[in-house]
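# Structural description and commentary
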Amino acid sequence: MERGNILIIEDDEAIREGVRILLEGDGFLVQEAENGALGLEKLSDATGLVILDIMMPGISGIKTCEEIRKKSKVPVLFLTAKGQESDKLLGLTVGGDDYLVKPFSYAELLARVKALLRRRNVYDKADPEKSDEVPQWLERGCIRINTKYNQVFVRGAQADLTEMEYGLLLLMMKYPQKIFSVKNLYESVWGEPFIYTSGNTVMVHIRRLRKKIEENPQAPRIIVNVWGKGYRLGESIGVPCDI
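Residues numbered from 1 in each chain as written. Predicted model: local features only at pLDDT ≥ 70, side-chain atom pairs only at ≥ 80, totals over all residues. Heavy atoms only, no water.

In this section: the pairing of strand 2 (residues 29-33). Both strand 1 (residues 5-9) and strand 2 contribute to a ladder of five bridges, which runs parallel. When the sheet's bridge partners are listed, Ile-8 is paired in strand 2 with Glu-32. Between strand 1 and its parallel partner strand 2, the chain crosses via helix 1 (residues 13-25), and the hand of that crossover is right-handed. (Pairing = 2+ DSSP bridges. Helix = DSSP H or I, 4+ residues; strand = E, 2+ residues; numbered from the N terminus. Right-handed = clockwise from strand over helix to strand, strands pointing away.)

With that settled, the discussion passes to the nonpolar core. Leu-23, Ile-51, Val-113 and Leu-169 are the most contacted members of the largest nonpolar core, which has 45 residues in total. With eight residues, the top contributor of residues to this core is helix 6 (residues 163-174). Split by domain, this core shows at least three residues from each of two domains, domain 1 (5-124) and domain 2 (137-233). Setting aside chain neighbours within four positions, we find Leu-169 in contact with Ile-143, Ile-145, Val-152, Leu-161, Leu-209, Ile-213 and Ile-223. Counting 19 residues, the second-largest nonpolar core is a separate cluster that includes Leu-43, Val-50, Ile-54 and Leu-92. (Core = buried A, V, L, I, M, F, W, Y, C linked by side-chain atoms within 4.5 Å. Buried < 20%, exposed > 50% of the residue type's maximum accessible area, 1.4 Å probe, protein only. Domains from an automatic or database assignment. Contact = heavy atoms within 4.5 Å.)

Looking now at the side chain of Asp-98. You can see Asp-98 is positioned in strand 5 (residues 98-101). Given a relative accessible area of 6%, Asp-98 falls into the buried group. There is a polar contact of 3.1 Å between the side chain of Asp-98 and the side chain of Arg-112. Non-local contacts of Asp-98, meaning those with residues more than four positions away in its chain, are made with Val-76, Leu-77, Phe-78, Leu-92, Arg-112, Leu-116 and Glu-192. (Polar contact = N/O pair within 3.5 Å; in protein donor to acceptor, adjacent residues only side chain to side chain.)

Attention shifts here to the environment of Gly-234. Turning to its location among the elements, Gly-234 is positioned in the segment after strand 11 (230-233). When the C-alpha atoms of Gly-234 and Val-224 are compared, they prove to be 5.5 Å apart, with ten residues separating the residues in sequence. With residues near it in sequence (within four places) discarded, Gly-234 still touches Arg-221, Ile-222 and Val-224.

Moving on, we get to the packing of helix 7 (residues 182-190) against helix 8 (residues 198-213). Packing of helix 7 against helix 8 brings their axes to within 9 Å, and their N-to-C directions diverge by 80°. As judged from the angle between their axes, helix 7 and helix 8 are roughly perpendicular. Packed against helix 7, whose contacting residues are Val-182, Leu-185, Tyr-186 and Trp-190, the element helix 8 presents Ser-198, Gly-199, Thr-201, Val-202, His-205 and Ile-206 at the interface. Here the contact of helix 7 with helix 8 is built from residues that sort into six nonpolar, four polar and no charged. (Axes fitted to C-alpha atoms, helices over the stretch in contact; angles between N-to-C directions. Parallel < 35°, antiparallel > 145°, perpendicular 65-115°, else oblique. Nonpolar A, V, L, I, M, F, W, Y, C, P; charged D, E, K, R; others polar.)

Attention now moves to the packing of aromatic side chains. Considering all chains together, one arrives at four aromatic pairs under this definition. Relative to Phe-153, the ring of Trp-137 has its centre 5.8 Å away and its plane inclined at 45°; by these criteria the two rings are tilted. One end of the pair, Trp-137, is in strand 6 (residues 137-140); the other, Phe-153, is in strand 8 (residues 151-154), with 16 residues separating them in the sequence. Measuring from centroid to centroid gives 5.2 Å for Tyr-186 and Trp-190, while their planes differ by 15°, and the two rings are stacked. In this pair, Tyr-186 and Trp-190 both sit in helix 7, four residues apart, roughly one turn of the helix. (Phe/Tyr/Trp six-rings, centres within 6.5 Å; stacked < 30°, edge-to-face > 60°.)

This is how it looks when you write it as structure tokens:
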């Protein structure tokens, strides 16, 4: 799969053209779509990243992202003219991986694109066709992670996690006694310096992760809050469960 293929879904022609010229100048292959419906048609297994505007006529960026998530784990970078925190959080809640607020600098856009693609490449680095080694398993109570194939099983059933959700869970599974601050999690999983708005990004991804692995996300037992400090694996995670 070509991770250098980028799909821009943006109704503003000037922004599409500017972003395309920037990315092509850096060696990326770029496709354009002027609305969500056309973008969904152009999405394919070769798409390595989607740059998606939130405010579009017809199918909104939020709805488009929801449809993308039904078929793909491809990283989604939201572009939004709205500065309200609620709009940013909504984008992350429906499956977005990062966001930029318009107007943005092309240098910042390029940095975000490369960071998302780099993390995606790390997530997909294991190639089952090129290795005969026995998969390595990391197991804590009801959670089993195959670190070779990047698969997560919860109570015997496979969980469909995005790369960010997988990264958060894997980090805590590796260090089950450690309490991770929000800053620890962001800089370890996102690989970028922490800024004050990064905390909301982490919390939204933790919330999404809990919905996929907890029996009761409202009363989490696998990933628990340590008030005033951060997050850690719950004590119950060390107790084997019936599968």
